[in-house]
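Architecture and fold: a report
Single-letter residue listing:
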Amino acid sequence: MLSDRALAALREVVPGDRVLTAREDLLTYAADATPLMGRPPSAVVVPRDAEEVSEVVRLANEEGFAIVPRGAGTGLSGGAVPASEDAVVLLFHGWNEIAEIDLGNHMAWVEPGVITADLHRAVEDHDLFYPPDPGSMRVCTIGGNVAENAGGLRGLKYGVTKDYVQGLEVVLPTGEFVRMGGKAVKDAAGYDLKDLMVGSEGTLGIFTRVLVRLVARPASTRTILATFRTLGAAGEAVAAILAARIVPSMLELLDRTTILAVERYARLGLPQDLAALLLIETDGHPVVASDEARAVSRLCKAHGAREVRHAATAREAEDLRTARRAAFSALARIGPTTILEDATVPRSAVPAMLERIHEIAARHGVVFGIFGHAGDGNLHPTCVLDAREPDEVARAEAAFEEVFAAAIALGGTITGEHGVGLAKRRFLELQVGDPALRFMREVKRVMDPNQVLNPGKVFAPRPRCEHPPIGHPRLAGATA
Ligand SMILES: Cc1cc2nc3c(=O)[nH]c(=O)nc-3n(C[C@H](O)[C@H](O)[C@H](O)COP(=O)(O)OP(=O)(O)OC[C@H]3O[C@@H](n4cnc5c(N)ncnc54)[C@H](O)[C@@H]3O)c2cc1C
């Protein structure tokens, strides 16, 4: 619990009604989009500027409480939920100003609470483009995107958030304020601290402003929907498109379970007997986008596509994208608990990984919908279960254990874009090995000696286990 003295000091640093302690306020911030984890904070604080953030962090060091920065709470690894009783959630509500769109340098300074889709719209008005587009982009924030190094549907061609972070203003775990990076496109001065911050999951610094890089808005886009009778055929079509040196701006896959859920949700008129579909976009100069779209069509047909449909209008294309973005919500309607993971493999291993996930799900008798960014190997095996049933929980736990092991065995990773947070901290050592894990812990220890920033995330509580337990920590009921 937060001491009375710490609470009183917090109210002095952040005056007015911006320190919330009412039970209903605390419960609101006990969870994010990750099921089955989290606990209420001791207080919720809404700072107004970087100076107040810095004061709160200094106070945390003096009084010994934890700070959990929070954007929109759409995270899927438990990053924005408290892991300890004494945690204070730091909100960036109202920090939604796009302070500058620099047309000469193709960059924008934004506050961390800016909604990602709002940034898209603002820069597209100037014919510029901010590519990272997480499925949650209508809700999630730039601060959360930078902290998780978020990806999205356009990641295959355009990369992920780290490829667009040009500069940061950060409050360090000591309370010091630091600027990293800037508008110079080349900068070789010292260690690249900015890149260390991107993907640090709120454990190394609090972002108070972000400078993002923008690119020219693609002149045209072609959207294609290809349907398949087998999942394997869809996987092979993905491999063939990439082998043909075509880099679509979107190459998304949905399996049968997901298609049925999306169809019930979005009513696209898809046949009910499909095993898989690919949603593909090519973009760029109209001639190039059209040529590539035709080539993609041919390759899909050559690999057994049952139907290849080209979106005739911008509206139809947007409806298809919206349906894909609804995949998680559509699956969530099938059962009371939905656990979405992001095991990721090298692109060439996508067909093998799809086969492994289906085989694992069938053997454990669990319902897995699979969708995801097939073009960059970032799949989302999503388990629909009822967490009140211990047997279902045990089977899901065993299945996820094998999915993660399969991803690593295929040269992949336990997380392509959602981060480690609480949900996957027990798997990190399996992924990176002991020396790398010790190095990461050391970075955290040096930068945050009092462990005030988002403690309990990324690293499992025990420093090292000889035989790290595999199992889904949230299903096992673990928190901190
Ligand atoms: C339906 C759905 C679809 C999704 N699709 C995608 C997808 O396609 N790609 C993808 O990558 N993710 C996706 N996600 C996951 C999630 O939206 C992203 O991780 C997103 O970046 C989280 O942003 P947020 O604002 O909600 O952050 P939160 O969940 O609030 O926080 C996430 C992390 O960021 C830290 N943080 C937040 N603000 C700051 C700050 N100012 N300074 C320092 N640290 C901070 C928090 O402490 C936490 O560790 C999806 C989630 C949902 C629910």
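Described below are features of the structure shown in this document. (Residues numbered from 1 in each chain as written. Predicted model: local features only at pLDDT ≥ 70, side-chain atom pairs only at ≥ 80, totals over all residues. Heavy atoms only, no water.)

Moving on, we come to the pairing of strand β12 (residues 220-228). Burial within β12 is extensive, with seven of its nine residues counted as buried. Here β12 pairs with strand β14 (residues 276-284) via nine bridges, running antiparallel. Within β14, the residue paired with R222 across the bridge is T282. The sheet contact formed by β12 and strand β15 (residues 305-310) spans five bridges and is antiparallel. Paired with I224 across the bridge in β15 is H310. (Buried < 20%, exposed > 50% of the residue type's maximum accessible area, 1.4 Å probe, protein only. Helix = DSSP H or I, 4+ residues; strand = E, 2+ residues; numbered from the N terminus. Pairing = 2+ DSSP bridges.)

So, on to the packing of aromatic side chains. Scanning the model with the defined rule gives six aromatic pairs in all. Note on Y130 and Y164: the rings are 6.1 Å apart at their centroids and 75° apart in plane angle, and the pair reads as edge-to-face. Note that Y130 is positioned in the loop between β7 (128-129) and α5 (142-148) and Y164 in the loop between α6 (155-158) and β8 (165-171), a separation of 34 residues in sequence. Both residues of the pair, Y130 and Y164, count as buried. Ring centres of F404 and F427 lie 4.6 Å apart, and the angle between their planes is 50°; on these two criteria the pair is classed as tilted. You can see F404 sitting in helix α14 (residues 390-409) and its partner F427 sitting in the loop between α14 and α15 (428-432), a full 23 residues away along the chain. In terms of burial, F404 and F427 fall into one category: buried. An aromatic cluster of at least three residues, connected via ring pairs, comprises F368, F400, F404 and F427. Cation over ring: R209 sits above W109, and NZ or CZ is 4.2 Å from the ring centre. (Phe/Tyr/Trp six-rings, centres within 6.5 Å; stacked < 30°, edge-to-face > 60°. Lys NZ or Arg CZ within 6 Å of the ring centre and 35° of its normal.)

This is a description of form; function is not addressed.
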